[in-house]
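Fold and geometry: a report
The lines below spell out each chain.
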Amino acid sequence: MMTNPLLQDWATPFQIAPFDAISDGDFAPALDTALAEHRSEIEAIASAAEPPSFANTIEALEAAGTDLDKVLSVFFTVAGADSNPTREDLQRQFSPKLAAHFSEISSNKALFSRVNALWETRETLGLGPEQDRVLMLTHRGFVRAGAALTGAEDARMKEIKARLAVLGTEFTQNLLADERAWFMPLAEADLEGLPEFVVDTARAAGTEKDADGPVVTLSRSLIVPFLQFSPRRDLRKTAFEAWAARGANGGQTDNRAIAAEILSLREERAKLLGYASFADFKLETEMAKTPAAVRDLLMSVWEPARAQADADAARLAEMMREDGVNDELVPWDWRYYAEKRRAAEHDLDEAELKPYFQLDRMIAASFACAERLFGLQFKPLDIPLYHPDCRAWEVTRDGEHVAVFIGDYFARGSKRSGAWCSAMRAQAKFPKPQAPIVINVCNFAKGDPALLSYDDARTLFHEFGHALHQMLSNVTYESISGTSVARDFVELPSQLYEHWLDVPEVLSEFAVHAETGAPIPPDMLQKVLDASTFDMGFQTVEYVASALVDLAFHEGPAPADPMEKQRAVLDGIGMPPAITMRHATPHFAHVFAGDGYSSGYYSYMWSEVMDADAFAAFEEAGGAFDPERASALERHILSTGGSSDAAELYIAFRGRLPGVDALLKGRGLAAE
Ligand SMILES: [Zn+2]
């Protein structure tokens, strides 16, 4: 369609999508046109008469799909941050189309044989390091998708993938069904001791379930505070047991047999591709690379975490006895007594704290740190975006354009929950230079002035760290630009940037009272920082136990009975009796709902080890704004995208691989 605004050249400032000219009716026809265009570009590359060269194959693949990128970047931005029934419907139509499109490309044998021919002659091609890397990644992507398989193996791989997709969906649906089916009615007397917000949530849940009064459901936002605050041990037990049994209730919605089948198919898939195990297959593309490296990291955190949890358990059991309960501390007791202890030791008045964290001041703080560290400057831009709450800035350095940064900070019904960063246009120099357009989306409460909790302020810095990774990217090819890095490396820039929020000189300048302008009092600040390490023994133990079970499932032969395997792993590490896995197997959606975090659940902690270790590099060098460290961070990590192996990038920055000491210190788990 000639007039479709999504497919035009955008003659707007910085070629930002002309949101005011795009309507929902434009998406579907634009997508069809863009897909057809991309398909014919791919066909032309695959069937070219000339012998394959880096330019006519790899660079041609990089340059293909320009319109598709444009359409999808606009669509996914509005579908996530400002949806409506039409956009939801479009999303349901688009996702199978896109899955089919990309799997058609990765199983294109003619295309693969050209990529493979280049790979086999790579030494003779005279490629630069970045080109070498893009060739390796492209080739590896095809091989991992099964493009090198032929005949019966090829057919079996297709069957396995199709079956895994079905099983992943069933796993999710069963889990949802179990979560929706269960609820526990509460009599008015059962509400005693619950704070108002829990009572309100329980009443709202009761209305939703058509019950006569308040109920407890298995939604995390209700069951967790109920377990924290309800003094009724019998009710906590009933609720906890139902929560722990999700996906393991027998009958139609039981996930245990599904988990076993998934693990066995994954093992078969890895073996077909020539890997020793599924964990070896998954970790090949990660910074960790091997199951042994993951296990080393997890076990070095496990011991001190368990020691802390054991000490905490003894204290909580004592509180329970003081409460007149003469029994062992069990999982439905932990959160309740931990909350009592938190209130006694770290009483923090959120209402008193909030006026010190104004949204505008926190945005200014995140910009000021980027200016001191990297010389970036931010100038407000007045351009039409997809929602009036969106704000935009031009980012420059020494007067040169670097990027456009968009902030969409406020919660609204049309926005999905959580916070995220995406590039509406990623940085690249090929086929022509393109400057990034980066967006941070959050769900903060509106207000005048808008005030954040301390956790919100951390989220703002976190997402801005991802934005810096996109904005400071300085590579040639888009496929490796910005945050296109290994999963266990991508959270390093974001989690690292959170540390600057806690720098005393940043807080004293920017965390000022909304009415009086006074900086946050040091003792209040200390309370905030102390509270962030509270109950870390418990949190680390429940997380690491889950990560170790995930790893054990995918390393070596698939277990015939995953529940048996889970038990063996937990026995082997000496799981404290009053703590359970954060996600037990029958409801471990990270691992079984799809492939994303399978043998990858460790990666949250892997990133945390790195961010603690990387910030320590600044402290060791003399301070949070040490110019030499800042320039090394940009040179080796923030500008390099996926142009080198993540471990090499880290070593270039730090001189060595990360150690766990800084993490243990940050979590309050270091030995005294
Ligand atoms: Zn993140």
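Being a predicted model, the structure only gives us computed values, none of them experimental.

1. What to know about the coordination of the zinc ion
A metal bound by six donors in octahedral fashion has ideal angles of 90 or 180 degrees, whereas one bound by four tetrahedral donors has an ideal angle of 109.5 degrees. Within the protein, the atoms that donate to the zinc ion are H462 (NE2), H466 (NE2) and E491 (OE), at distances of 2.1 to 2.2 Å. In the primary structure, the donors to the zinc ion are separated according to the pattern H-x3-H-x24-E. On the criterion of sequence distance, the pair formed by H462 in helix α17 (residues 454–471) and E491 in the loop between α17 and α18 (492–501) is long-range, its members being 29 residues apart.

2. Looking at the pairing of strand β4 (residues 391–397)
Burial of β4 is extensive: five of the seven residues sit out of reach of the surface. Where strand β3 (residues 377–381) meets β4, five bridges bridge the pair, whose relative direction is antiparallel. Within β4, the residue paired with F378 across the bridge is V395. Here β4 pairs with strand β5 (residues 400–410) via seven bridges, running antiparallel. The residue of β5 that forms the bridge with V395 is A403.

3. Concerning the packing of aromatic side chains
Applying the stated criterion to the full structure yields 39 aromatic pairs. On the basis of an interplanar angle of 50° and a centroid distance of 5.6 Å, the ring pair of F278 and F281 is categorised as tilted. Placement of both F278 and F281 in helix α12 (residues 278–283) is noted, with a separation of three residues, approximately one turn of the helix. Of the two residues examined, F278 and F281, each falls in the buried class. With a centroid separation of 5.5 Å and an interplanar angle of 50°, the aromatic rings of F367 and F464 are classed as tilted. On the criterion of sequence distance, the pair formed by F367 in helix α16 (residues 359–374) and F464 in helix α17 is long-range, its members being 97 residues apart. Grouping residues by exposure puts F367 and F464 together as buried. Within the aromatic cluster, the residues linked to one another by ring pairs are F367, F378, W393, F405, F461, F464, Y497, W500, F615, F618, Y650 and F653. Sitting over the ring of W10, K70 keeps its end group 4.6 Å from the ring centre. Directly above the ring of F653 sits R629, whose terminal nitrogen or CZ lies 4.9 Å from the centroid.

4. A word on unusual backbone geometry
Put simply, F430 and P431 share a cis peptide bond, and its omega is -5°. Its location among the elements puts P431 in the loop between β6 (420–425) and β7 (437–444). Its identity as a non-glycine residue notwithstanding, Q15 has a phi of 50°, on the positive side. Summarising the element assignment, Q15 is placed in the segment before α1 (27–46). Of note, D398 is a non-glycine position whose phi angle comes to about 50°, a positive value. Mapped onto the secondary structure, D398 falls in the loop between β4 and β5. Exposure remark for D398: the relative accessible area of 71% places this residue in the exposed category.

5. Regarding the sheet that holds β6
Pairing within the open sheet is mixed, and its five strands lie in the order β3-β4-β5-β7-β6. Only two strands of the sheet have a single partner each, and these edge strands are β3 and β6. Between one strand axis and the next, the sheet turns through 30° on average, direction left out of account. Helix-sheet contacts for α16 involve β3, β4, β5 and β7, and the interaxial angle to β4 is about 15°.

6. Digging into the environment of S484
Mapped onto the elements of the fold, S484 is located in the loop between α17 and α18. If we ignore the near neighbours within four places in the chain, the residues touching S484 are E478, S479, G641 and G642.

7. Section: the nonpolar core
Ranked by internal contacts, the top residues of the largest apolar core, which has 142 residues, are W334, F357, F464, M471, F489 and W500. Core analysis: the second largest hydrophobic core is formed by 36 residues, V74, Y386, C390 and V441 among them.

8. Regarding the pattern of salt bridges
Tallied over the full model, the rule gives 49 salt bridges. One continuous salt-bridge network, built from bridges that share partners, spans D24, D82, R87, D389, D408, R412, K415 and K446.

Thresholds, definitions, all that
Residues numbered from 1 in each chain as written. Predicted model: local features only at pLDDT ≥ 70, side-chain atom pairs only at ≥ 80, totals over all residues. Heavy atoms only, no water. Donors = N, O, S within 2.8 Å, 3.2 Å for Na, K, Ca; no water. Helix = DSSP H or I, 4+ residues; strand = E, 2+ residues; numbered from the N terminus. Buried < 20%, exposed > 50% of the residue type's maximum accessible area, 1.4 Å probe, protein only. Pairing = 2+ DSSP bridges. Phe/Tyr/Trp six-rings, centres within 6.5 Å; stacked < 30°, edge-to-face > 60°. Lys NZ or Arg CZ within 6 Å of the ring centre and 35° of its normal. Axes fitted to C-alpha atoms, helices over the stretch in contact; angles between N-to-C directions. Contact = heavy atoms within 4.5 Å. Core = buried A, V, L, I, M, F, W, Y, C linked by side-chain atoms within 4.5 Å. Salt bridge = Lys/Arg side-chain N within 4 Å of Asp/Glu carboxyl O.

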